[in-house]
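What follows is the residue order along each chain.
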Amino acid sequence: MSILIDKNTRLLVQGITGREGSFHTRQCVAYGTNVVAGVTPGKGGQTLDDIPVFNTIHETVESTGANASLIFVPSPFAADAIMESAAAGIPLTICITEGIPIKDMLKVVPFLKRHNVRLIGPNCPGVISPGRCKAGIMPGHIHKEGSIGVISRSGTLTYEVVHQLTQSGLGQSTCIGIGGDPIIGSSFVDILKLFDKDPETRGVVLIGEIGGSDEEAAAEYIKDHFNKPVLGFVAGLTAPPGKRMGHAGAIISGAGGTAGEKIAAMREAGIHMVERLGELGRAARDLFGEIIS
Amino acid sequence: MKIHEYQAKEIFSQFSIPVPRGSVVRDAEEARKIADQIGGEQWVVKAQIHAGGRGKGGGVRVADTPEAVAEIAKEMLGMTLVTPQTGPQGKRVTKVLVEEGVSVKQEFYVGAAVDRANQCPVMIASSEGGMGIEALAASHPDRIVREWIDVGLGLPAFQARNLVFGMGINPGLMRAGTGIFTQLYRLFDSFDCTLVEINPLVVTEDNQLLALDAKIEFDDNALFRHKEFLELKDTDAQDPLEVEASQHRLNYIRLEGDVGIMVNGAGLAMATMDLIKQAGARPANFLDVGGGATTEMVTKGFEIILQDKNVRGILINIFGGILRCDVLAKGVVEAAKKVAIKVPVVVRLDGTNVEEGRDILAQSGLDFMVAASMADAAEKVRGLEVS
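Because the structure is a prediction, the values reported are computed rather than measured.

Student: What am I meant to see in the overall build of chain B here?
Tutor: A count of helices and strands for chain B gives 12 helices and 18 strands. Its C-alpha atoms put chain B at 80 × 50 × 40 Å along the principal axes. Taken across its 387 residues, chain B has 55% of its residues classed as buried. In the structure as shown, chain B presents an accessible area of about 16,500 Å², 48% of it carried by carbon and sulfur atoms. Positive and negative side-chain charges in chain B, numbering 41 and 53 respectively, have mean positions lying 2 Å apart.

See below:
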């Protein structure tokens, strides 16, 4: 098993005819993902390779039975794309788009709740269940099928972590980038709840960064409700306050949000913290090695 | 994007939020003229920089004559103001705001912001105006009133009243108070703000409400629908290297250390800064070249890092995903040929096409130190012995 996506995922890609959309759709297909359709309003009837393109998600779902959506729509139109997916009842939407206005996301979040659907992202690398399904922009080949869940707020830092896990012989059940924006669809806790119920996931690596309080919330949840071992890392120990470190959400503002506070909270919750990123693979082997073999 | 107090006050006026009479000036003589025009017996001269805590650094001063206004303006203009929020290097003052003096009876804090954890806007009010709201939230959370906003509804009148009475305003000022909150939220919502703050909002001796200070931050991602605000951006207030980088779509932030970094991805860039610190050195910058970096962008990134005279070594850390290592390596080699690099460069490549990338570096004839992993990169940075 895995969480969110697997062999049964029937993926549709919103913005499939764009440069990013078409490139990554082909990468996903090459990895073995079942991409059943694409949506670009006004380009219905076209195809990308053999994948049919539709005008609306409603007709896509009716024709193809798509059950997950991956979004590459440009930022001014991305919130609308997320809502279209939600309104059509697609249970899982993954939004890669970076730079969506905060106000748009503040409107999207209650809309998603009303439709009872899940969003991953935006501004994220997507989701991969190694060996089964890739719905995102991560390089597939660095992953390996296995039983460690990975959750992170960033992209390339996640690849670095996954690479070290794979090199250490630790495969992954599912890897999720939840996104680097201040307002995102799914929090660390939302994903931890899914890993908790997944018997295949035997341990979790949680990668945080400065800004917000999602890591602290995760620490609290893990302390009281999560029984699988967790390895943690937080980026941004040297980040100065008031400067936005690339991600819109990665900013230390006023009280709270520093890496030091997050590390302390996570350690207090019993999470094994890695301080030096170069040592993560070895620390993972020490922590998970026994459970897995 | 941050704007200056005087710009924020102009926007407040458009939204009928009362502010003191005043004008922004760039020289002392102009300051005297403005003081004359305003009239009265007291004036305030306020340095216009993108940082709070100005009063503590001598950036807010009171004058009793138009001549004193000119004198103070002369002293402030061109000075480097250091406040608790500017960092030790301070910020240079190029503009001052001259305003009428106001007799204050009572001070409040009023603001609108985005509550990340609750995923909605929040309006905040407190009877403790003037001081830092973060410090107050930590020491006296009970003295802060918060109202969470349903974005579909906006700010209903009852929530505005909760804020007004919650911060302990004289009931006679209820109507004026709720009016300010209503307008504040309208401003916050219609201009895609991430923060609007009045600190302090005051009650004057003649029982008027007045916004003595004004702070507005716009959501950078929403500026495409408010192009009129782009011209409010004060590039004087920014580090020139940061301005240059942003023109080339490079995400660069100058820091105070001596090891320059170039990384793809913000999270990995932060982790790379941490690695440098742990290796006993200090990062000179944050630089995320992004997933779609071109040879030109990598070259520009190099140039910007090298313009920082403090840089005594460089670490390039790339995890190839979509950006392939061979493409990056070609870019690095080309950049190194164009730009005379006189400091040691450590290159760590991994991920897609890593072998091809390392071959390109090895065959370039250039003197790179190639690191095999993050741990190895840390060792090699330690070996630079820059600090």
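Student: So what exactly am I meant to see when it comes to the overall build of chain A here?
Tutor: Across its full length, chain A holds nine helices and 14 strands. In terms of overall size, chain A behaves like a compact globule, its C-alpha atoms giving a radius of gyration of 18 Å where 293 residues would be expected to give roughly 19 Å. With the C-alpha coordinates of chain A rotated into their principal frame, the extents come out at 55 × 45 × 30 Å. Of all 293 residues assigned to chain A, the portion counted as buried reaches 61%. On chain A, roughly 10,600 Å² of surface is accessible, and the fraction owed to carbon and sulfur atoms is 49%. Each charge class in chain A was averaged separately, 26 positive and 29 negative side chains, and the resulting centres sit 1 Å apart.

Student: Explanation requested: the nonpolar core in the structure shown.
Tutor: A general trend in soluble globular proteins is that nonpolar side chains are found buried together. In terms of nonpolar packing, the biggest core is built from 100 residues, with Ile94, Leu165, Leu192, Val205, Met245, Leu277 and Leu280 of chain A touching the most fellow members. Considering every element that reaches this core, the biggest residue donor is helix α8 (residues 266–278) of chain B, with eight residues. Once residues lying within four places of it in the same chain are set aside, the contact partners of Met245 of chain A are Ile210, Ala239, Pro240 and Ala250 of chain A together with Ile253, Ala266, Met270, Met273 and Phe286 of chain B. If you look at the next biggest cluster of nonpolar residues, it comprises 62 residues, including Ala79 of chain A together with Val114, Val203 and Phe218 of chain B.

Student: I tried to follow helix α4 (residues 102–115) of chain A on my own but got confused; where do I start?
Tutor: One turn of the α-helix equals 3.6 residues, which is why residues spaced by three or four share an orientation. Compared with an ideal rise of 1.5 Å per residue, which puts 14 residues at 20 Å, α4 of chain A spans 20 Å between its outermost C-alpha atoms and is within 8% of the ideal. In this structure, the buried side of α4 of chain A is in contact with α3 (75–87) and β7 (118–120) of chain A together with β7 (104–115), β8 (120–126) and β10 (193–204) of chain B. Positioned one or two residues after α4 of chain A, Asn116 of chain A has a phi angle of 55°, which is positive.

Student: Please explain the confidence of the model for chain B as it appears in this structure.
Tutor: Interpreting fine coordinate detail is not advised for predicted regions of low pLDDT. When pLDDT is averaged across chain B, the result is 90; 99% of the residues are at 70 or more. Both scores are given for the predicted complex: the pTM is 0.93, the ipTM 0.93.

Student: Quick question: what am I supposed to make of the packing of aromatic side chains here?
Tutor: Here the distance between the centres and the angle between the planes together describe a pair of aromatic rings. Summed over the entire model, instances satisfying the criterion amount to six aromatic pairs over all chains. A centroid spacing of 6.3 Å and a plane angle of 45° characterise the contact between Tyr221 of chain A and Phe226 of chain A, whose relative ring orientation is tilted. Across the pair, exposure class does not vary: Tyr221 of chain A and Phe226 of chain A are buried alike. Between Phe218 of chain B and Phe229 of chain B the ring centres are 4.3 Å apart and the planes differ by 15°, which places this aromatic pair in the stacked class.

Student: Would you explain unusual backbone geometry in this entry?
Tutor: Most peptide bonds take the trans configuration, and most residues that are not glycine carry a negative phi. Following Gly121 of chain A, the chain continues into Pro122 of chain A via a peptide bond in cis, with omega recorded as 10°. Relative to the assigned elements, Pro122 of chain A resides in the loop between β7 and β8 (126–129). Geometrically, the link from Asn199 of chain B to Pro200 of chain B is a cis peptide bond, its omega value of 10° lying close to zero. Phi is positive for Gln119 of chain B, close to 55°, though the residue is something other than glycine. The class of Gln119 of chain B is buried, set by a relative accessible area of 18%. With a phi angle near 55°, Arg249 of chain B is a residue other than glycine that sits in the positive phi range. Residue placement: Arg249 of chain B occurs in the loop between α7 (240–247) and β13 (251–254).

Student: What's the story with the interface of chain B and chain A in this structure? I'm lost.
Tutor: When the parts of a complex come together, some accessible area is lost, and that lost area is often used as the size of the interface. Taken together, the contact pairs 47 residues of chain B with 55 residues of chain A. For the pairing of chain B and chain A, the buried interface totals around 3,800 Å² over both sides, and the portion due to carbon and sulfur atoms is 61%. If you look at where chain B meets chain A, you find five salt bridges. Here Glu242 of chain B and Lys243 of chain A are joined by a salt bridge, their closest N and O atoms 3.8 Å apart. The set of elements that each furnish at least two residues to the side of chain B that touches chain A consists of β7, β8, α6 (174–190), β13, α8, β16 (313–320), β17 (345–351) and α12 (374–384) of chain B. Among the elements that take part in the side of chain B that touches chain A, α8 of chain B stands out by supplying nine residues, more than any other.

Student: Whenever I open this one, the pattern of salt bridges confuses me. Can you help?
Tutor: Pairs can form between side chains of opposite charge once their charged atoms are near each other. Residues and elements named next belong to chain B. Summed over all chains, the structure comprises 35 salt bridges over all chains. Residue Glu99 pairs with Lys9 through a salt bridge whose shortest N-O separation is 2.6 Å. Highlighted residues: Glu99 in strand β6 (residues 96–100) and Lys9 in helix α1 (residues 5–14), separated in sequence by 90 residues. The same class applies to Glu99 as to Lys9, namely buried. Notably, a salt bridge pairs Arg382 with Glu379, separated by 3.5 Å at the nearest N-O pair. Of this pair, Arg382 and Glu379 both sit in helix α12, three residues apart, which is roughly one turn of that helix. Overall, the relative accessible area of 46% leaves Glu379 in the partly exposed class. Linked by salt bridges that have partners in common, Glu5, Lys9, Lys46, Arg54, Glu99 and Asp213 make up one network.

Student: Got a minute to help me understand the domain arrangement of chain B in this structure?
Tutor: Per the domain assignment, the segments of chain B are domain 1 (1–20 + 103–235), domain 2 (21–101) and domain 3 (239–382). Spacing between the C-alpha centres of domain 2 of chain B and domain 3 of chain B amounts to 42 Å.

Student: Teacher, can you tell me more about the environment of Thr294 of chain B here?
Tutor: For Thr294 of chain B, the position within the fold is in the loop between β15 (285–288) and α9 (295–307). Sequence separation between Thr294 of chain B and Leu323 of chain B is 29 residues, and the spatial gap between their C-alpha atoms is 8.9 Å.

Student: Could you clarify how one ought to interpret the state of the cysteines in this entry?
Tutor: Two cysteines whose sulfur atoms are joined by a covalent bond form what is called a disulfide. Residue and element names in this part refer to chain A. Evaluated as defined, the whole model comprises zero disulfides over all chains. Distance from the sulfur of Cys133, which forms no disulfide, to the nearest cysteine sulfur (Cys28) is 7.5 Å. Among the cysteines around Cys175, which has no disulfide bond, Cys133 carries the closest sulfur, lying 13 Å off.

Student: I keep staring at the sheet that holds β8 of chain A and nothing clicks. Help me out?
Tutor: Consider a sheet: its strands pair through backbone hydrogen bonds, and that pairing is either parallel or antiparallel. Residue and element names in this part refer to chain A. The sheet built from seven strands is open, its strands ordered β9-β8-β11-β10-β12-β13-β14 with mixed pairing. Strand pairing shows two members of the sheet lacking a second neighbour, β9 (133–136) and β14 (272–273), which therefore form its edges. Where strand β10 (residues 145–152) meets strand β11 (residues 172–177), five bridges bridge the pair, whose relative direction is parallel. For Val150, the partnering residue across the bridge sits in β11 and is Cys175.

Student: What should I look at first to understand the pairing of strand β2 (residues 35–39) of chain A in this one?
Tutor: Within a regular strand, the side chains alternate between the two sheet faces. Residue and element names in this part refer to chain A. Within β2, five of the five residues are buried, leaving the element largely enclosed by the surrounding structure. Bridge count between strand β1 (residues 11–14) and β2: four bridges; the pairing is parallel. Of the residues in β2, the one forming a bridge with Val13 is Gly38. Crossover connection from β1 via helix α1 (residues 19–31) to parallel β2: handedness right-handed. Where β2 and strand β4 (residues 51–54) come together, two bridges link them in parallel fashion. By the bridge assignment for β4, Gly38 is matched with Val53.

Calculation rules
Residues numbered from 1 in each chain as written. Chains lettered and ligands numbered in written order. Predicted model: local features only at pLDDT ≥ 70, side-chain atom pairs only at ≥ 80, totals over all residues. Heavy atoms only, no water. Helix = DSSP H or I, 4+ residues; strand = E, 2+ residues; numbered from the N terminus. Buried < 20%, exposed > 50% of the residue type's maximum accessible area, 1.4 Å probe, protein only. Areas by Shrake-Rupley, 256 points an atom, 1.4 Å probe, with all protein chains shown as cover. Lys, Arg positive; Asp, Glu negative; His and termini not counted. Charge placed at Lys NZ, Arg CZ, Asp CG, Glu CD. Rg over C-alpha atoms; globule rule 2.2 N^0.38 Å. Core = buried A, V, L, I, M, F, W, Y, C linked by side-chain atoms within 4.5 Å. Contact = heavy atoms within 4.5 Å. Expected span 1.5 Å × (residues − 1). pLDDT = per-residue confidence, 0-100. Phe/Tyr/Trp six-rings, centres within 6.5 Å; stacked < 30°, edge-to-face > 60°. Buried area = accessible area lost by both parts, 1.4 Å probe. Salt bridge = Lys/Arg side-chain N within 4 Å of Asp/Glu carboxyl O. Domains from an automatic or database assignment. Disulfide = S-S within 2.5 Å. Pairing = 2+ DSSP bridges. Right-handed = clockwise from strand over helix to strand, strands pointing away.

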